[in-house]
Amino acid sequence: MRNLIFAGLAAAALLSAAGASSAQPVVVERYGHWDPAWGVVPPAPSHHWRHWREHEGAWYGHVHSCMTRYHGYDAHRDMYLEGHRWVACVD
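Residues numbered from 1 in each chain as written. Predicted model: local features only at pLDDT ≥ 70, side-chain atom pairs only at ≥ 80, totals over all residues. Heavy atoms only, no water.

(A) Region of interest: the overall build of the chain. Helices and strands together make up the secondary structure of the chain, namely three helices and three strands. Relative to its 91 residues, the chain shows a buried fraction of 20%. Sequence-distant contacts, at least 24 apart, represent 36% of the contacts inside the chain between residues at least 6 apart. When the accessible area of the chain is evaluated, it comes to approximately 7,200 Å², of which 61% is carbon and sulfur surface. (Helix = DSSP H or I, 4+ residues; strand = E, 2+ residues; numbered from the N terminus. Buried < 20%, exposed > 50% of the residue type's maximum accessible area, 1.4 Å probe, protein only. Contact = heavy atoms within 4.5 Å. Areas by Shrake-Rupley, 256 points an atom, 1.4 Å probe, with all protein chains shown as cover.)

Written out as structure tokens, the structure is:
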């Protein structure tokens, strides 16, 4: 009887170890996908910007396209510097 209990416990331990090793963490990217090769992760969109409340999943993509398009882009403002004035980045 003791051997059956030991064999059952060993099988249960093997099954739980196999299940734990195959589990992958769930990654929730609220603002879309940011590749670390693009640089430092930008800040979240300001809560005052109504457009990004409804489209927050596209924020990182928007920031990356504005960064590549406009050299003076600032993610804190969501604007780029053109001469001596700030212009909203619309992609």
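(B) How the structure looks around the sheet that holds strand 1 (residues 73–74). Within the open sheet, the three strands sit side by side as 1-2-3. Their pairing is antiparallel. At either end of the open sheet lies a strand with only one pairing partner, and these are strand 1 and strand 3 (85–88). Both strand 1 and strand 2 (residues 79–82) contribute to a ladder of two bridges, which runs antiparallel. Within strand 2, the residue paired with Asp 74 across the bridge is Met 79. (Pairing = 2+ DSSP bridges.)

(C) Highlighting the side chain of Asp 78. Assignment of secondary structure puts Asp 78 in the loop between strand 1 and strand 2. Within the buried core, Asp 78 has no salt-bridge partner, and the shortest N-O distance to an opposite charge, that of Arg 69, equals 10 Å. Within polar-contact distance, the side chain of Asp 78 engages the side chain of Tyr 73 at 2.7 Å. In this view, Asp 78 contacts Trp 49, Trp 52, Trp 59, His 62, Tyr 73, Ala 88 and Cys 89; residues no more than four positions away in its chain are not counted. (Lys, Arg positive; Asp, Glu negative; His and termini not counted. Salt bridge = Lys/Arg side-chain N within 4 Å of Asp/Glu carboxyl O. Polar contact = N/O pair within 3.5 Å; in protein donor to acceptor, adjacent residues only side chain to side chain.)

(D) Quick look at the state of the cysteines. Using the criterion set out here, one finds one disulfide in the structure. Bridging Cys 66 to Cys 89, the disulfide has an S-S length of 1.8 Å. Negative torsions about the S-S bond denote left-handed disulfides, and the value of about -90 degrees found for Cys 66 with Cys 89 makes this one left-handed. Placement of Cys 66 in helix 3 (residues 59–69) and of Cys 89 in the segment after strand 3 is noted, with a sequence separation of 23 residues between them. (Disulfide = S-S within 2.5 Å.)

(E) Quick look at the nonpolar core. Core analysis: the largest hydrophobic core is formed by 12 residues, namely Tyr 31, Trp 34, Trp 52, Trp 59, Tyr 60, Val 63, Cys 66, Tyr 73, Ala 75, Tyr 80, Val 87 and Cys 89. No other element matches helix 3, which puts four residues into this core. (Core = buried A, V, L, I, M, F, W, Y, C linked by side-chain atoms within 4.5 Å.)

(F) Highlighting the pairing of strand 3. Examined bridge by bridge, strand 2 and strand 3 share four bridges and lie antiparallel to one another. Counted as the bridge partner of Tyr 80 is Val 87 from strand 3. Between strand 2 and strand 3, which follow one another and run antiparallel, lie two residues, and Gly 83 among them has a positive phi close to 70 degrees.

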